[in-house]
2 protein chains.
Amino acid sequence: MSAKAAPFKLSSIDPSAKPFSSGDKLADKAAVETLATELDQLQDLFYADRRFKMLVVLQGTDTSGKDGTIRGVFGKMSALGVHTVSWKAPSREELAHDYLWRIHQRVPASGDIVIFNRSHYEDVLVPAVNGWIKPEQVRQRYAQINDFERLLSENGTVILKFLLHISKDEQRERLQARIDDPTKHWKFESGDIEVRKQWDAYQKAYAAAVAATGTEWAPWTVVPADSKTHRNLMVATVVKRTFESLKLRYPPGDPALAKLKIE
Amino acid sequence: MSAKAAPFKLSSIDPSAKPFSSGDKLADKAAVETLATELDQLQDLFYADRRFKMLVVLQGTDTSGKDGTIRGVFGKMSALGVHTVSWKAPSREELAHDYLWRIHQRVPASGDIVIFNRSHYEDVLVPAVNGWIKPEQVRQRYAQINDFERLLSENGTVILKFLLHISKDEQRERLQARIDDPTKHWKFESGDIEVRKQWDAYQKAYAAAVAATGTEWAPWTVVPADSKTHRNLMVATVVKRTFESLKLRYPPGDPALAKLKIE
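(A) Seen up close, a positive patch on the surface. Residue and element names in this part refer to chain A. A contiguous patch of positive charge on the surface is contributed by K18, K25, K29, K184 and K228. Structurally, the position occupied by K228 is in helix 11 (residues 228–245). You can call K228 partly exposed: its relative accessible area is 47%.

Below, the structure written as structure tokens:
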């Protein structure tokens, strides 16, 4: 599939690039802090406005920084109106339905922001890489996902999809750190080693996913993520620009309230 | 919309026609009884087989016989694996999501049959007739519904959609009966009178729905339903034929079990 449908190659993007950086690491860190505070204020307004829903999809290999992005970019936002869903292997009941059944249940309501830590893309990536589904089914699922995301978009959902892109060397360092530091053991799973052996296949599968499902209504942003600071800076900037493009506003005041005196 | 997208007119189908009748009412009633018993047995097999899911959509104006169809056709089936969902006006939480959000949650799991008494079609019919959404949105919603039903179909769901088609005279008699018989008062709502005034608009909207969403993967059957016996006979026959087309079977036996002795 990737050869025909995805001329796009992930290897064309340098994971250590820093296109959003000022060149000064301390300044970048300060910028992330400022952005996270601004995003918190914008989310308050988004919640009050209620005309939109926002779905943020975070994908990326193990150690690519999905948790860190949630903490660094969305961490100052209020739990009022912001939810994270971390997707794991489906339950028996979930497997008895189409793979978008459990996903659809957790999409944001009006005024809410939902962050998917992994997502419905795992339901294509994992079986595709392991050969559990045929290329024809991969194509079918990406068509289904495009239809599903179009439904959400046409019903007021702003969809932002981020692929956190790290190098194989960077992953080795981060996995090793999880092994060497007992306080990081909880993040390590022996399965991660097996998945690392499929590195090239996953890189191809990610590229195919981005090529097949990068749509006008649900675009992908590939984020060079070897630098955690740059990763957060880039994601936060894209989210902020998206908020700004929505022309958020408090709902019009109620003239009747102007005369109201609380006794 | 109906003029362009729906050359199909409901008025071309006589609500008092009985294409599935033997011509003998008593024989037809007996046939419905027999069919309902067969459907009960087929559903047992469908439940054991578990390769498929079945979604039955019942649409039709007030008094068209949706409840009666569920009782007469599906009434002998076991509650194990068969569920009815009666859709009412959406709640506040449901309205905060796309209109297919609540629908998707209730679609059948593998081996299950779910009967929708009214459905997602109401989310187009009612606002379209009342002018709450524009023709462009009507088209958009039918495209979304086709995509959604294709997703279900491609993931193993057999979809059967029945439009119960009665005449305006027949509805007058049935509504009057609900008023005249105190044991039927619970089925009468004063809103039904208002909806009856929009009869022609609803007939057009139903025809447009059938034309726009009668797909290979989720076909409509328009059921002449002035005769309750004929209505049940026709629906039961279509459901039975569908079961038969699936070549249902018990899952292959486990050879290990052949040797097993319970002590």
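(B) Representation of the sheet that holds strand 5 (residues 220–224) of chain A. All names here are of chain A. The strand order 2-3-1-4-5 describes an open sheet built from five strands, whose pairing is parallel. Taken across any chain shown, the strands that pair with only one partner, and hence form the sheet edges, are strand 2 (82–86) and strand 5. Averaged over all neighbouring strand pairs, the angle between strand axes comes to 20°, with direction disregarded. Across five bridges, the pairing between strand 2 and strand 3 (residues 113–117) is parallel.

(C) Examining the packing of helix 2 (residues 25–49) of chain A against helix 11 of chain A more closely. Residues and elements named next belong to chain A. At their nearest, the axes of helix 2 and helix 11 sit 9 Å apart, and the two run at 30° to each other. For the pair helix 2 and helix 11, the crossing hand works out as left-handed. Residues K25, D28, K29, A31, V32, L35, E38, L39, L42, Q43 and F46 of helix 2 touch helix 11, and the partners they reach there are T229, N232, L233, A236, T237, V239, K240 and F243.

(D) The interface of chain B and chain A, seen in detail. Each side of the interface is counted separately: chain B has 21 residues, and chain A has 21 residues. A buried area of about 1800 Å², summed over both sides, lies between chain B and chain A, and 52% of it is on carbon and sulfur atoms. Summed over the shared surface of chain B and chain A, the number is two salt bridges. Note that D147 of chain A and R150 of chain B form a salt bridge whose closest N and O atoms lie 3.1 Å from each other. At the boundary of chain B and chain A, one finds 15 residue pairs in polar contact (both at pLDDT 80 or more). Looking at the side of chain B that touches chain A, the elements that each hand over two or more residues are helix 5 (101–105) and helix 7 (135–154) of chain B. The dominant element in the side of chain B that touches chain A, judged by the number of residues it contributes, is helix 7 of chain B, at seven residues. Split by residue class, the side of chain B that touches chain A holds nine nonpolar, seven polar and five charged.

Parameters at a glance
- Residues numbered from 1 in each chain as written.
- Chains lettered and ligands numbered in written order.
- Predicted model: local features only at pLDDT ≥ 70, side-chain atom pairs only at ≥ 80, totals over all residues.
- Heavy atoms only, no water.
- Patch = residues over 30% accessible without salt bridge, like charges linked within 9 Å, V, L, I, M, F, W, Y side chains within 5 Å.
- Areas by Shrake-Rupley, 256 points an atom, 1.4 Å probe, with all protein chains shown as cover.
- Salt bridge = Lys/Arg side-chain N within 4 Å of Asp/Glu carboxyl O.
- Lys, Arg positive; Asp, Glu negative; His and termini not counted.
- Charge placed at Lys NZ, Arg CZ, Asp CG, Glu CD.
- Helix = DSSP H or I, 4+ residues; strand = E, 2+ residues; numbered from the N terminus.
- Buried < 20%, exposed > 50% of the residue type's maximum accessible area, 1.4 Å probe, protein only.
- Pairing = 2+ DSSP bridges.
- Axes fitted to C-alpha atoms, helices over the stretch in contact; angles between N-to-C directions.
- Left-handed = near helix turned anticlockwise from the far one by under 90°.
- Contact = heavy atoms within 4.5 Å.
- Buried area = accessible area lost by both parts, 1.4 Å probe.
- Polar contact = N/O pair within 3.5 Å; in protein donor to acceptor, adjacent residues only side chain to side chain.
- Nonpolar A, V, L, I, M, F, W, Y, C, P; charged D, E, K, R; others polar.

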